[in-house]
Amino acid sequence: MDLAEVSRTFHMDPIVNAFSSGTRLRDMIRAIRDCKTAAEERAVVRKECAAIREAVGENDERCRHRNMAKLMFIHMLGYPTHFGQMECLKLIASDGFPEKRIGYLGLMLLLDERQEVLMLVTNSLKRDLYQSNTYIVGLALCALGNIGSEEMARDLAPEVEKLLQFRDPNIRKKAALCSIRIVKKVPDLAENFIKPSAALLKEKHHGVLLTGLQLCTDLCKVSAEALQYFRKKCTEGVVKTLKDVMNSPYSPEYDISGVIDPFLHIRLLKFLRVLGQGDVYASECMNDILAQVGTKTESKKNAANAILYECVQTIMSIEDDGGLRVLAINILGSFLSKRDNNIRYVALNMLMKAVTVDIQAVQRHRGIILECVKDSDASIRKKALELLYLLLNESNVKPLTGELIEYLEVSSEEFKEDLTLKICSIIEQFPMEKIWYIDQMLKVLSLAGNFVKDEVWHALIVVITNSLNLHGYTVRSLYRAMKTSSEQANLVRVAVWCIGEYGEILVNKTGMLDVEEPVTVTESDALDVIETVMKRHNSDLTTQAMCLISLMKLSCRFPSCSQRINSIIVQYKGSLVLELQQRSIEFNSIIKKHQNIRPVLLERMPVLDEATYSGRKAGCSPQTVSVLSGAPLNQPNGVAKPTPDSLVNLLDINSDETPAPSSSGDNFLQDLLGVGLSPASSQPGTDQAQKSGTDILLDLLSIGTPSDQSNTSQSSLLPSIQSNKTLLGTLEHSSSPSEPPALASSDGGSSMMDLLDGFASNPAKLDNGPAHPSLMAYESSSLKIMFNFSKPHGNLQTTLIEAVFTNKSPHAYTDFIFQAAVPKFLQLHLDPASSNTLPASGGGVITQNMRVVNTQHGKKSLVMRIRIGYMLNGKDVSEEGQINNFPRELQA
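An account of the accompanying structure is given in this report. (Residues numbered from 1 in each chain as written. Predicted model: local features only at pLDDT ≥ 70, side-chain atom pairs only at ≥ 80, totals over all residues. Heavy atoms only, no water.)

Quick word on the nonpolar core
And step 1. Judged by nonpolar contacts, the single largest core of 197 residues is most densely connected at Leu-107 and Phe-230.
And step 2. It is helix α29 (residues 489–508) that contributes the most residues to this core, twelve residues altogether.
And step 3. Here Leu-107 is in contact with Cys-88, Leu-89, Ile-92, Leu-118, Val-121, Ala-143 and Ile-147, once residues within four sequence places are set aside.
And step 4. Ranked by size, the runner-up nonpolar core spans 31 residues in total, among them Leu-830, Leu-862, Ile-866 and Ile-868. (Core = buried A, V, L, I, M, F, W, Y, C linked by side-chain atoms within 4.5 Å. Buried < 20%, exposed > 50% of the residue type's maximum accessible area, 1.4 Å probe, protein only. Helix = DSSP H or I, 4+ residues; strand = E, 2+ residues; numbered from the N terminus. Contact = heavy atoms within 4.5 Å.)

Structure (structure tokens):
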């Protein structure tokens, strides 16, 4: 562009300025910068891209490299530039270095290894790797090292391997970096690079040595053969190199803050860590040099700290007898006294790993770790608290707990929750003696009771009930604590509970200990405390309810104050909170009308079993049945065994709580269990006939007593189902009582399957017993099921059923599956279905045999819930029903 063109360009409008493909890159950048809005910028880019497309279509070689430079800038702005990818390949294929440089730069920016266009450049790369111009060779190596795919790595690996021995150190360095990508993409080629990369470890050139160390490290990670080779051939040489670097004179070229070549230090230490891990001989070779690095490196500069940290990581990874580990842990301890939070954080993180290796050496730094718990930085506090928790043992738990509780008083609100949780966990994990446990928990409740979880103060009450000789001491301590920390809700709850239980001990000063300060409490004082809590505006429902119970108990323990207690209780008869209103009315009735039962009703709580409570707190639950664990079994027709969710849905217990049965539901449940069908229950006045539907439902689901129903959710129903073998049909061939039940289905007769021997070989056939009337078991607009019955000779409890399925729709059903569930007094045995495809319009049927054993024959009738599933036009269809009208002749 001559001066006249430049002059004309600067007199043009900036937006129009960028429209020519011959415009220089700087002019386009200036035009984009001059845009006031994003719309103007898009207009400039759009018109410039149009000009470039036009130049590409005309195959304008003169401006190709300039257009590619502009495309790269447009790409960095976030606009699409895919139309320029082929221009990159054309520039790479040209002979000039400037064109190749722009082409390779565009290739690395505009393409990635996932694009198929990249395969077209493989031949150009191979040709450039053999160029005599080292700059072109370097360009090709950079491109391959950045975006080389697995196929390119396989094709060009021999050329790169040869370049590792090239005369120019810059080419060797780039070849080493390119080799790293190759061995990561194709680990199978690692063995080809072992010996050439080992030669790089003897290089004097700084850059080649750095890249060679990285290549050797990566080779060890992908190839066990390379690791063994380097351990045997290179360990001593790398140790010597590290020693030379440490003792080398000052070199301004590689000096950083007075530390000589920290990058090479770190790279050497990382490679030694890989070599020494799991190998005693290699570890012995590097022990001395690691000790020198750890002792001679001054930790005044950040670069030196980086070397020391890498040295610590190496020491903790190799095989060592313990001396070096103590040195490493001491270095980490010195890091904790630094002001830099980053250094302190990595030191704490490394000490947490060191605890598993040498906890005694870490214990020496317990004091400074405790100081880190009080640090202003939140991440330092949390990490130090986790580390301190790992250091606890029976010898140091008391002083450390005391320090943490002291800090709890002054800690910030956002950290108080984590600190409280850890302290409570420590106290529960190391219960030295009960008085210490109670004292520490009361301190925590007094300082941060609002952050204490419910399980913690529940456990405290359990411990208090078991400490018979500490009841007086505990209730007096809680009384004193309430005077100063009444805003802590959980402290108030524990105190109110203890005053209600041990109020007479508080007043009579029973069980005074030598360590206690005497306190005088009257009956009126105890009531004042509870009344104050009840009237406080921030007392929640739980606290107020506990206060009412405590007052009720004190009405027996303080007979002289019974009238005052009743007057307090009566105040809540008109409460808007139903729970408080109900308690108030009931307690008032007990005081007024039931004096004879009140002492027995309000006697002291029995001692709670700590072991039982610990089991509940740990979440102990009944063992689940393996068949219902969700692991699918291979079935004859390829259908997976139903999951527990299917079981729950089939039994209609998928609601949050078992609903109270309606009148129609009662009738069904009575039919289900034979109520009203047997002679004993046919009389209208008998007890069995009056059995409620709720009791029947609980009996059916094996949940226990009716009182359990109100809080029985789906999560508790399912284990109950899983623990009853006979609920869904006992396995026919199970020889061990521990074998699980199975949901009977047409997927291969799961009730006939033996868990050890596979499926039964021959399905059971209907015996030629006495015939019974057939039953229309189920009928819908699309499906009909008929049951044909027979009885085997001499076995009245067993009923043989042949189910016949007919398709009433004009579409065939595929993947047909039949499932059935029965109550626990029935045993169900299902044989495989005759087919899993049901022809359309009654063109054919599917038959399936089943055997039902009624263990209460003559008392309860047969009942069954069924589910049919099939595929219709690619969609899953499911139909369900219940059958409770089995012929009465089957019970005769």
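The discussion continues.
Thoughts on helix α5 (residues 64–76)
And step 1. With 13 residues, α5 should cover 18 Å at 1.5 Å per step; its first-to-last C-alpha distance of 19 Å lies within 8% of that length.
And step 2. Listing the buried residues of α5 in full gives Arg-64, Asn-67, Met-68, Ala-69, Lys-70, Leu-71, Met-72 and Ile-74.
And step 3. In the core, the buried residues of α5 are packed alongside α3 (25–33), α4 (38–57), α6 (85–93) and α7 (97–110).
And step 4. Within two residues after α5, Gly-78 carries a phi angle of roughly 100 degrees, on the positive side. (Expected span 1.5 Å × (residues − 1).)

Structural notes on the side chain of Asp-168
And step 1. Note that Asp-168 resides in the loop between α10 (150–163) and α11 (169–185).
And step 2. Of the buried charged residues, Asp-168 lacks a salt bridge, with Arg-172 as the closest side chain of opposite charge at 6.4 Å.
And step 3. Engagement of the side chain of Asp-168 in a polar contact is seen with the backbone nitrogen of Asn-170, the distance being 3.0 Å. (Lys, Arg positive; Asp, Glu negative; His and termini not counted. Salt bridge = Lys/Arg side-chain N within 4 Å of Asp/Glu carboxyl O. Polar contact = N/O pair within 3.5 Å; in protein donor to acceptor, adjacent residues only side chain to side chain.)

As for the packing of aromatic side chains
And step 1. Tallied over the full model, the rule gives twelve aromatic pairs.
And step 2. Where Phe-787 meets Phe-886, the ring centres are 6.3 Å apart and the plane angle is 40 degrees; that geometry is what we call tilted. You can see Phe-787 sitting in strand β4 (residues 783–790) and its partner Phe-886 sitting in the segment after β10 (875–883), a full 99 residues away along the chain.
And step 3. Residue classification places Phe-886 among the buried positions, given a relative accessible area of 10%.
And step 4. Summarising the aromatic geometry, the rings of Phe-805 and Phe-816 are spaced 5.1 Å apart at their centres and angled 65 degrees between planes, so their arrangement reads as edge-to-face. Of the two residues, Phe-805 is situated in strand β5 (residues 798–807) and Phe-816 in strand β6 (residues 814–821); the sequence distance between them amounts to eleven residues. (Phe/Tyr/Trp six-rings, centres within 6.5 Å; stacked < 30°, edge-to-face > 60°.)

Observations regarding the pattern of salt bridges
And step 1. Under the counting rule described, the total for this entry stands at 30 salt bridges.
And step 2. The residue Asp-27 makes a salt bridge to Arg-30 at a minimum N-O spacing of 3.0 Å. Pair noted here: Asp-27 and Arg-30 are both in helix α3, with a separation of three residues, about one helical turn.
And step 3. Notably, a salt bridge pairs Arg-344 with Asp-375, separated by 2.7 Å at the nearest N-O pair.

Focus: the side chain of Ser-149
And step 1. Position of Ser-149 among the secondary structure elements: in the loop between α9 (134–147) and α10.
And step 2. A relative accessible area of 5% places Ser-149 in the buried class.
And step 3. Discounting residues that sit within four places of it in the chain, Ser-149 has contacts with Glu-113 and Met-119.

Some details on unusual backbone geometry
And step 1. Non-glycine residue Lys-509 carries a positive phi angle of around 60 degrees.
And step 2. Topologically, Lys-509 is positioned in the loop between α29 and α30 (523–535).
And step 3. With a relative accessible area of 37%, Lys-509 lands in the partly exposed category.
And step 4. Phi at Ser-841 is positive, roughly 55 degrees, even though this residue is not glycine.
And step 5. Note that Ser-841 resides in the loop between β7 (826–830) and β8 (845–854).

What to know about the sheet that holds β8
And step 1. An order of β3-β4-β5-β8-β7 is seen for the five strands of this open sheet, with the pairing classed as antiparallel. Whereas interior strands pair on both sides, the edge strands pair on one side only; in this sheet they are β3 (775–779) and β7. Taken over all neighbouring pairs, the strand axes of this sheet differ in orientation by 25 degrees on average, direction set aside. (Pairing = 2+ DSSP bridges. Axes fitted to C-alpha atoms, helices over the stretch in contact; angles between N-to-C directions.)

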